[in-house]
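# Coordinate inspection notes
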Amino acid sequence: MIIKPRGTMDIMPEDTPLWQYVEEKAREISNTHGFGEIRFPTFEQTELFARGVGDTTDVVQKEMYTFFDKDNRSMTLRPEGTASIARSIVENGRCSDAMPLKLYYLISCFRYEKPASGRYREFYQYGVEMYGSESAASDASVIALADSYVKSLGITDYSLEINSIGCKECRPHYKKALTDYYTANYDTLCDTCKTRLKTNPLRILDCKNPECAHLAKDAPKTLDYLCENCTSHMKTVEDSLKSMGITYKVDTGIVRGLDYYTRTVFEIIGPGEPDKDGNVRRLALGGGGRYDGLVEEIGGPKLPGVGFAMGLSRLIIALQMSGKELPSKKKPVLYIASLGTNAQIQALGIVNKLRDAGIYAECDLVGRSLKAQMKYADKIGAEFTAIIGDNELENGKAILKNMATSEQTEVEIKALADFFKNR
Ligand code: HAM
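### A few points about the pairing of strand E10 (residues 280-290)
Bridge analysis of strand E9 (residues 262-274) against E10 gives nine bridges, and the strand direction is antiparallel. Considered in E10, the bridge of Thr262 is made with Arg290. Connecting E9 to the antiparallel partner E10 that follows it, the hairpin turn spans five residues, and Gly278 within it adopts a positive phi of roughly 85°. The pairing of E10 with strand E11 (residues 305-311) spans five bridges and is antiparallel. From the neighbouring strand, Arg290 faces E11, where its bridge partner is Val306.

### Some thoughts on the packing of aromatic side chains
Under the counting rule described, the total for this entry stands at 17 aromatic pairs. With a centroid separation of 4.8 Å and an interplanar angle of 65°, the aromatic rings of Tyr126 and Tyr149 are classed as edge-to-face. Within this pair, whereas Tyr126 is found in strand E6 (residues 122-131), its partner Tyr149 is found in helix H5 (residues 136-153), the two being separated by 23 residues in sequence. As far as the burial class goes, Tyr126 and Tyr149 line up, both buried. When the centroid spacing of 6.4 Å and the interplanar angle of 65° are considered together, the rings of Phe266 and Phe308 count as edge-to-face. A residue pair is termed long-range when its members are at least 10 positions apart, and Phe266 in strand E9 and Phe308 in strand E11 qualify at 42 residues. Accessibility classification places Phe266 together with Phe308 in one group, the buried group.

### Focus: the nonpolar core
Ranked by size, the top nonpolar core spans 49 residues in total, and within it Val53, Ile85, Ile89, Tyr131, Tyr182, Leu189 and Leu205 carry the most contacts. The contact partners of Ile89, leaving out residues within four places of it in the chain, are Arg94, Cys95, Leu101, Leu103, Tyr131 and Leu303. Of all hydrophobic cores here, the second largest spans 42 residues; its members include Leu145, Ala146, Leu153 and Tyr248.

### Focus: the domain arrangement of the protein chain
In terms of domains, the protein chain is made up of domain 1 (16-170 + 226-322) and domain 2 (334-422). Of note, the centres of domain 1 and domain 2, computed from C-alpha atoms alone, are 49 Å apart.

### Considerations on helix H11 (residues 312-321)
Of all ten residues making up H11, seven are buried, and the element is well covered by its neighbours. Along H11, the residues classified as buried are Leu312, Ser313, Leu315, Ile316, Ile317, Ala318 and Leu319. Downstream of H11 by one or two residues, Gly323 has phi in the positive range, about 80°.

### A look at the side chain of Arg111
Considering the arrangement of structural elements, one finds Arg111 in the loop between strand E5 (101-110) and E6. Buried and unpaired, Arg111 has no salt bridge, with Glu113 as the nearest side chain of opposite charge at 4.6 Å. If sequence neighbours within four positions are ignored, Arg111 has contacts with Val59, Glu63, Tyr65, Pro79, Glu80, Tyr120, Arg121, Phe123 and Gln125.

### Some points on the sheet that holds E5
In space, the eight strands of this open sheet follow the order E1-E5-E6-E11-E10-E9-E7-E8, with mixed pairing throughout. Looking at strand neighbours, the two that pair on one side only are strand E1 (36-37) and strand E8 (249-250), the edges of this open sheet. Pairing between E6 and E11: seven bridges, direction antiparallel. Note on E11: the bridge partner recorded for Gly127 is Ala309. Where H5 meets the sheet, it contacts E6, strand E7 (159-164), E9, E10 and E11, and its direction lies at approximately 15° from that of E11.

Criteria and thresholds
- Residues numbered from 1 in each chain as written.
- Predicted model: local features only at pLDDT ≥ 70, side-chain atom pairs only at ≥ 80, totals over all residues.
- Heavy atoms only, no water.
- Pairing = 2+ DSSP bridges.
- Helix = DSSP H or I, 4+ residues; strand = E, 2+ residues; numbered from the N terminus.
- Phe/Tyr/Trp six-rings, centres within 6.5 Å; stacked < 30°, edge-to-face > 60°.
- Buried < 20%, exposed > 50% of the residue type's maximum accessible area, 1.4 Å probe, protein only.
- Core = buried A, V, L, I, M, F, W, Y, C linked by side-chain atoms within 4.5 Å.
- Contact = heavy atoms within 4.5 Å.
- Domains from an automatic or database assignment.
- Lys, Arg positive; Asp, Glu negative; His and termini not counted.
- Salt bridge = Lys/Arg side-chain N within 4 Å of Asp/Glu carboxyl O.
- Axes fitted to C-alpha atoms, helices over the stretch in contact; angles between N-to-C directions.

Right, dumping it as structure tokens:
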């Protein structure tokens, strides 16, 4: 048997209502906050991600699905959306639009990671990007949107954690302090981090190797190296979050795994899930931040930006853990069981009229016996059933049975749609 590639998922009809729920809420909240939907290619020239996301990041170095097309051009399945959107707005001449430019997206992304609970090789993101404002108010309003979205889904067990990683003025001082610290502890570092020390010392802070993670605890903190402007920016972001009544924590350990970030970075950390060794792993439901140099980096004008992306499968895990009643597949309001061929044909007509009126009804399509039809109606959770035979068709009336209460009501067949609409 042919099986799906590792780290991908099939989503079955009984589960899609939950996916539709998180997607619909994303669309709803994006519209309320004035973000318009952008759609863009699933694959891009590899160079976009190498330059945008950063060629020393794990995403670019280890996780990209890169292939050569028939013209021998290097292409990559998008590992995220931010770099593509920056490319898209430059290419479509949107950098001189009235600012802020507010965009949202629901996309699939591809990263060659080790699959685990909540970690896939093809996964889905809801993200937003706001361009054209350097102000702390835009950071705060994007963070507020992320926070409201998670709340609106009904997830309460999460924490919002923020940090600032400085700008191109102050970051070099921080990098120097990190390099000094890790050079002094060189022998303890894993082999990958020994290389990272030369190429991108900030990435050592993300390393999952236990020795490196232990060292990271005492590493220099970004906030101690911020320049005056970045300190004041961070303070205004915090003051704005407070004024909006948003609960957050400052976590100096958040540096994010992608290179384009400047100043504000944040993550929304979900409920803990025990792994197979019983260690509780708290998954990031989403993350984002400011990226003032990205558009220039990929060849566009100077244009600041701030955004975030949420992992839909992780939101779904958090929802399933929340104990909240979850959306499920729609059940038919009416199942019409039919007696005989003529009644089956007529039932099809009645069901079709009801569906045209927006009422979900079903009837027999596989030639079941009456007993089997009633069993099937019960299995699919029909709210009402009606048995239609020659007698019912002759006098134009059907007896509806409420499946929960067994109460019976006689209704004219041609008035069925009104009956269901007016009840
Ligand atoms: P990211 O932190 O790499 O950021 O991904 C955002 C979210 O996508 C994560 O918090 C997680 O929920 C989900 N995610 C990431 N990798 C996987 C995976 N392998 N399986 C399942 N879910 C995953 C970005 O992608 C940035 N583009 C966010 C951003 C937008 N920053 C500014 N604007």
